[in-house]
Amino acid sequence: MSALISHTPIWVFVVFFILLFLGFIQSKVRVVAVKTVFILPVAMIMFSFFGVYAVFGLSFLALSLWAMGLVTTLVIGLKLDYPKLVSFDAQCNKLTIPGSWVPLVFMMAIFFTKYFVGFAVARELPIVNEDLFMVLLSLLYGAFSGVFLSRSFVMYKTSKAAL
């Protein structure tokens, strides 16, 4: 285990601690401008998209599965209307978002999935060449992204409904 950690580039630890910090911030009630609710989802979408691209390139199948995972969890998230209890102050044009550990869980899920994949690719593990690996990884990355995107659309919808 120590060999694994000692061969991990420093920037990976930087990303890990940045995600921990962002997740911690999300766990507290916060007031944010409406226009900022899509920043984190866009970053997580890019992070997961490039996770698929880095391993499988511009494979139509891999990118289609990624998109399918994203759309599926986006639709489910919109149906669940999560997060609940988001409120909008029209005078300030700001949303009050209740704290939740859910974003941290999904940030860590993306991070550790990407870390595992990086390890598997670097060690040239045979699993990387398996079709099922590509299918599951692409769907998983897309699903993680859809969760973040659905949360942002629900918050945005709250601001529009209040007007």
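Section: the nonpolar core
Nonpolar side chains tend toward joint burial in soluble globular proteins. With 30 residues, the main nonpolar core has L19, M44, V52, F56, I110 and Y141 as its most contacted residues. Going through the elements one at a time, α2 (10-26), α3 (39-56), α4 (60-80), α5 (102-122) and α6 (131-161) are the ones with two or more residues in this core. The residues contacting V52, other than those within four sequence positions of it, are G57, A62, L63, W66, S138 and Y141. Formed by eight residues, the second largest nonpolar core is a distinct cluster that contains V34, V37, F88 and I97.

Quick notes on the sheet that holds strand β2 (residues 87-89)
Pairing within the open sheet is antiparallel, and its three strands lie in the order β1-β3-β2. Edge positions in the open sheet fall to β1 (30-33) and β2, since each of these has one partner strand only. Within this sheet the neighbouring strands show an average axis-to-axis angle of 30°, counted without direction. Relative to strand β3 (residues 94-97), β2 runs antiparallel, the two being bridged by three bridges. By the bridge assignment, F88 is partnered in β3 with L95. Helix-sheet contacts for α6 involve β1, β2 and β3, and the interaxial angle to β3 is about 125°.

Quick notes on the confidence of the model for the chain
Here the chain averages 92 in pLDDT, while 99% of its residues score no lower than 70. Of all secondary-structure elements in the chain, the lowest mean pLDDT belongs to helix α1 (residues 2-6), at 76, while α4 reaches the highest, 97.

What to know about the environment of A162
With respect to the helices, strands and loops of the structure, A162 is situated in the segment after α6. Classification of A162 by relative accessible area gives partly exposed; the value is 45%.

Quick word on a nonpolar patch on the surface
A surface patch of nonpolar side chains, amounting to about 830 Å² of accessible area, comprises I5, I10, F13, V14, F17, I18, F21, L22 and I25. Assignment of secondary structure puts V14 in helix α2.

Here is what the cut-offs are and how they apply
Residues numbered from 1 in each chain as written. Predicted model: local features only at pLDDT ≥ 70, side-chain atom pairs only at ≥ 80, totals over all residues. Heavy atoms only, no water. Core = buried A, V, L, I, M, F, W, Y, C linked by side-chain atoms within 4.5 Å. Buried < 20%, exposed > 50% of the residue type's maximum accessible area, 1.4 Å probe, protein only. Helix = DSSP H or I, 4+ residues; strand = E, 2+ residues; numbered from the N terminus. Contact = heavy atoms within 4.5 Å. Pairing = 2+ DSSP bridges. Axes fitted to C-alpha atoms, helices over the stretch in contact; angles between N-to-C directions. pLDDT = per-residue confidence, 0-100. Patch = residues over 30% accessible without salt bridge, like charges linked within 9 Å, V, L, I, M, F, W, Y side chains within 5 Å. Areas by Shrake-Rupley, 256 points an atom, 1.4 Å probe, with all protein chains shown as cover. Salt bridge = Lys/Arg side-chain N within 4 Å of Asp/Glu carboxyl O.

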